[in-house]
Amino acid sequence: MPDLLLDVQGLETTFKTPDGVVHAVNGVSFGLKEGETLGVVGESGCGKTVTMMSVLRLIQSPPGKIVAGKAFFFGQDLLQISNEDIRHVRGAQISMIFQDPMTSLNPVLTIGYQMEEPLILHIGMSQKQARTRAAELLGMVGLPNAKERLNDYPHQFSGGMRQRVMIAMALSCSPQILIADEPTTALDVTIQAQITDLVKRLRDELGMAIIWITHDLGIVAGLAQRVIVMYGGYIIEEAPVRELYANPRHPYTLGLLGSLPRVDEKEHTRLFSIEGQPPVLYQKPEVCPFAPRCKWAIEHCWKENPMLESVAPEHRIACWVDTKTGRAL
Amino acid sequence: MADENNVLLRVENLVMHFPIYRGVIGRQVGAVHAVDGVSFTVKRGETLGLVGESGCGKTTTGRTILRLYKPTAGNIVFDGVDLVKLKGEEMRQMRRKLQMIFQDPYASLNPRMTISDIIGEPLIVYNVANAKEIQERVEHLLEIVKLNPAFANRYPHEFSGGQRQRIGVARALALQPSFIVCDEPISALDVSIQAQVINLLEDLQKQFNLTYLFIAHDLSVVRHISDRVAVMYLGVIAEMASRDEVYKSPLHPYTQALLSAVPIPDPVEDAKRKRTILEGDVPSPVNPPSGCHFRTRCPIAKQICSEQKPEFRELRPDHFVACHFADQFVN
């Protein structure tokens, strides 16, 4: 498919731990169109971060290992190209911002130095050019007196400001794809609103595609065009954003949406709760990984792991049950 | 404040400043104004939600009420007794009635103690039961929080986050308290687990007629669980009213901005909303702004806001606001 900017197929990643091999990602396939914002939703340990880290080959190996899969980006398979080549993709064409802005900035280097580095490395700017560009970028993400602040160290910035610096750095080489891994989770709600607003504005100005990883179904609703829901290393539901919230089909998605208290709650109702807890997969599951917690589960769920199948245009779920009728699909 | 008998806890002008010492001789050079004059009441059997961003003093307020800190000034009247004046053994006995559930279920359970030791410890400390009774009571408590009593001899690391938080709840219930401070009890948990714990807390409240001070930064959760809500900003309460009042017709510009910043899990509703995005960060509590603490980020601030501290006024019945210009939002 030529219109896909990033095309990931059958990705599998495992981690060797003292307790055995953990199957973190178990055959994930998705595409990203140009200029599209894709939300990836799931709880901790569902494999959402590992999927994206695998695509950029940021998984530490050992213990991590990409067992299978392809990730096509401009005709080349990111999982096959040389280490040298992937370095030119990372930070330049695909860049990533992380959850905790304090641990992803180097505390002993100035912000200016850290911002210049990719510009010199990837674009080949001189130090002076890079300095000027870094100041422009900081201005673009709304940092006051950007020029003077280039000489400051990360600890002199607040959490929200650090995340702005991270965004400026990620955008410095005008990437085609920005992967944002829970960039607002560590921030307060008013600062979170500032950051999502900033990202929306920059997306419209620069036209890059965004993959937004989060556990917060609220943020995705206002930001993404298409959403992927992950559970136990699988994509279990995929749909355009309005379709997903209006017609969630997979029992897990239904459960997640039902368990969220809403700030615009009309009347007090008891929250729907999904009993049990997310699995740690020491074996690649042969049955549906959600079956032990699923109240719709039928006999067949314990026999075979469902594949992603279309239930409506652009709407795919991995489930044996039609949650609308409670009967097998 | 109609019915005085109905009030379980009354906090009056509570101030908690933490001194900052510097230099060789450790001279006090300043203070962190964590809580800067906070007053509220909690009625029997209700849940008061205390909501605000990090560093606004909500946790300090909760801890000071339990006298985990010695307040700089103010009164904490619990069931007719001023806790600030209590000393030693009197306070120790009083603590049986006031308990706390902590935010981090990984840090708040001693990893070297078994679950039955953790839950039974309060019973030993207060010498209220013999060994056999303690064992029975622990098993009963585990059943109450919906954990298998057979787990009593396991260690905390064998449990998931949600289960650990249940253990923390069981420990808080051990001495049959009447008042529990829940300090962000669900923010360290996964979304699907959060609902389990919220439902449990609601069930227990009904079952044992508990009164909660529910501290959280998540406005959606606070709306769900609270009867009344107090919104804190930089050591002061900006607005306090019944839940529906606060969420449907907020009068303080900070509450309004805070509510508009919360994402709604519904793309259609979310697109319809008008958002107010606050500029800048929360100022440092070491040196809070003069007058109204919120004025540096307030969209409607005027001259008077830097000169005069706004009074905490009752603008509608039982709806209190600390803002000079809140009258324009009434109706």
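(A) Spatial organisation of the overall build of chain A. When helices and strands are counted, chain A shows 10 helices and 14 strands. Here the C-alpha radius of gyration of chain A, 21 Å, is about what a compact globule of 329 residues would show, namely 20 Å. Over its C-alpha atoms, taken along the principal directions, chain A stretches across nearly 65 × 50 × 40 Å. Relative to its full complement of 329 residues, chain A shows a buried share of 54%. The contacts in chain A between residues at least 6 apart in sequence include a share of 63% that link residues at least 24 apart. Summed over all atoms, the accessible surface of chain A reaches about 14300 Å², with 52% contributed by carbon and sulfur. In chain A, the 31 positive side-chain charges and the 36 negative ones have mean positions that sit 1 Å from each other.

(B) Spatial organisation of the sheet that holds strand β5 (residues 76-77) of chain A. Residue and element names in this part refer to chain A. Strand order in this open sheet of four strands is β2-β1-β4-β5, and the pairing throughout is antiparallel. The strands lining the two open edges of the sheet, one partner per strand, are β2 (20-33) and β5. In this structure, strand β4 (residues 64-73) lies alongside β5, joined through two bridges in antiparallel fashion. The residue bridging phenylalanine 73 from the neighbouring strand is glutamine 76, located in β5. Where helix α1 (residues 48-55) meets the sheet, its contacts fall on β1 (4-17), β2 and β4, and the angle it forms with β1 comes to roughly 110°.

(C) Broad picture of the interface of chain B and chain A. Each side of the interface is counted separately: chain B has 41 residues, and chain A has 45 residues. Where chain B meets chain A, there are two salt bridges. B:Asp266 is the salt-bridge partner of A:Arg262, the closest N and O atoms lying 3.9 Å from each other. Among the secondary structure elements, those contributing two or more residues to the side of chain B that touches chain A are α6 (191-208), α7 (219-225), α8 (243-248), α9 (253-261) and α10 (267-272) of chain B. Counting residues per element, the side of chain B that touches chain A draws most heavily on α6(B), which supplies nine residues.

(D) Fine view of the state of the cysteines. All names here are of chain B. In total, this model carries zero disulfides over all chains according to the counting rule given. Here cysteine 182 stays free of any disulfide, with the sulfur of cysteine 56 as its closest cysteine sulfur at 16 Å. We note that cysteine 298 lacks a disulfide partner, and the nearest cysteine sulfur, in cysteine 323, lies 6.0 Å from it.

(E) Layout of the pattern of salt bridges. Counting across every chain of the model gives 30 salt bridges over all chains. Here A:Lys303 and A:Glu299 are joined by a salt bridge, their closest N and O atoms 3.4 Å apart. Since its relative accessible area comes to 61%, A:Glu299 is described here as exposed. When the shortest N-O distance is used, the salt bridge between B:Glu184 and B:Lys58 registers 3.7 Å. Remark: B:Lys58 occurs in helix α1 (residues 58-65) and B:Glu184 occurs in the loop between β7 (179-183) and α6; sequence separation between them is 126 residues.

(F) Fine view of the side chain of B:Glu239. Residue and element names in this part refer to chain B. For glutamate 239, the location among the structural elements is in strand β10 (residues 236-242). The buried charged residue glutamate 239 lacks any salt bridge, with arginine 316 as its nearest oppositely charged partner at 6.5 Å. Looking at glutamate 239, its side chain comes within polar contact range of the main-chain nitrogen of leucine 251, at 2.8 Å. At 2.7 Å, the side chain of glutamate 239 forms a polar contact with the side chain of threonine 255. Excluding residues that lie within four positions of it along the chain, glutamate 239 makes contacts with Val229, Ala230, Val231, Ser249, Pro250, Leu251, His252, Thr255, Phe312, His319, Phe320 and Val321.

(G) Looking closely at the layout of surface pockets. All names here are of chain A. One number sums up the size of the second largest pocket: a volume of about 610 Å³. What lines the second largest pocket is a set of 22 residues, among which Arg90, Gly91, Met96, Pro118 and Met169 lie closest to the centre. Every element with two or more residues in the lining of the second largest pocket is listed here: β6 (94-97), α3 (111-123) and α6 (159-171). Counting residues per element, the lining of the second largest pocket draws most heavily on α3, which supplies five residues. Tallied by class, the residues present in the lining of the second largest pocket amount to 12 nonpolar, seven polar and three charged.

(H) Highlighting the domain arrangement of chain B. Residue and element names in this part refer to chain B. As assigned here, chain B comprises domain 1 (4-226) and domain 2 (254-331). For domain 1 and domain 2, the distance between their C-alpha centres works out to 28 Å. Taken together, the contact between domain 1 and domain 2 spans nine residues of the former and 12 residues of the latter. Both faces combined, the contact of domain 1 with domain 2 buries some 880 Å², and carbon together with sulfur accounts for 63% of it. The three residues of domain 1 that bury the most area against domain 2 are His33, Glu53 and Leu219, which together make up 50% of that side's buried surface. Between domain 1 and domain 2 we count one salt bridge in total. In this structure, glutamate 53 and arginine 297 form a salt bridge, with 3.6 Å as the shortest nitrogen-oxygen distance. Applying the counting criterion to the domain 1 and domain 2 interface returns two residue pairs in polar contact (both at pLDDT 80 or more). Looking at the side of domain 1 that touches domain 2, the elements that each hand over two or more residues are β2 (27-43) and α7. Its residues assigned to classes, the side of domain 1 that touches domain 2 shows four nonpolar, three polar and two charged.

(I) Highlighting the packing of α6(A) against helix α7 (residues 189-206) of chain A. Residues and elements named next belong to chain A. For the pair α6 and α7, the least separation of the axes is 10 Å and the interaxial angle reads 15°. One finds that α6 runs roughly parallel with respect to α7. For α6 against α7, the interelement crossing comes out right-handed. Along its contact with α6, which presents Gly160, Gln163, Arg164, Ile167 and Leu171, the element α7 presents Ile191, Gln194, Ile195, Leu198, Val199, Leu202 and Leu206. Residues that form the contact of α6 with α7 fall into these classes: eight nonpolar, three polar and one charged.

(J) Seen up close, the packing of helix α4 (residues 127-140) of chain A against α6(A). Residues and elements named next belong to chain A. At a closest axis distance of 9 Å, the pairing of α4 and α6 adopts a crossing angle of 125°. Taken together, the axis directions place α4 and α6 in an arrangement best described as oblique. Considering how the two elements wind past one another, α4 and α6 form a crossing that is right-handed. Contact residues: Leu137, Leu138 and Met140 in α4; Val165, Ala168 and Leu171 in α6. Taken together, the residues of the contact of α4 with α6 sort by class into six nonpolar, no polar and no charged.

Definitions and limits used
Residues numbered from 1 in each chain as written. Chains lettered and ligands numbered in written order. Predicted model: local features only at pLDDT ≥ 70, side-chain atom pairs only at ≥ 80, totals over all residues. Heavy atoms only, no water. Helix = DSSP H or I, 4+ residues; strand = E, 2+ residues; numbered from the N terminus. Rg over C-alpha atoms; globule rule 2.2 N^0.38 Å. Buried < 20%, exposed > 50% of the residue type's maximum accessible area, 1.4 Å probe, protein only. Contact = heavy atoms within 4.5 Å. Areas by Shrake-Rupley, 256 points an atom, 1.4 Å probe, with all protein chains shown as cover. Lys, Arg positive; Asp, Glu negative; His and termini not counted. Charge placed at Lys NZ, Arg CZ, Asp CG, Glu CD. Pairing = 2+ DSSP bridges. Axes fitted to C-alpha atoms, helices over the stretch in contact; angles between N-to-C directions. Salt bridge = Lys/Arg side-chain N within 4 Å of Asp/Glu carboxyl O. Disulfide = S-S within 2.5 Å. Polar contact = N/O pair within 3.5 Å; in protein donor to acceptor, adjacent residues only side chain to side chain. 1 Å grid on protein atoms, 1.4 Å probe; cavity = no way out; pocket = protein on both sides within 12 Å on 5 of 7 lines; lining within 4 Å. Points joined across faces, edges and corners; volume = space filled by probe spheres on them. Nonpolar A, V, L, I, M, F, W, Y, C, P; charged D, E, K, R; others polar. Domains from an automatic or database assignment. Buried area = accessible area lost by both parts, 1.4 Å probe. Parallel < 35°, antiparallel > 145°, perpendicular 65-115°, else oblique. Left-handed = near helix turned anticlockwise from the far one by under 90°.

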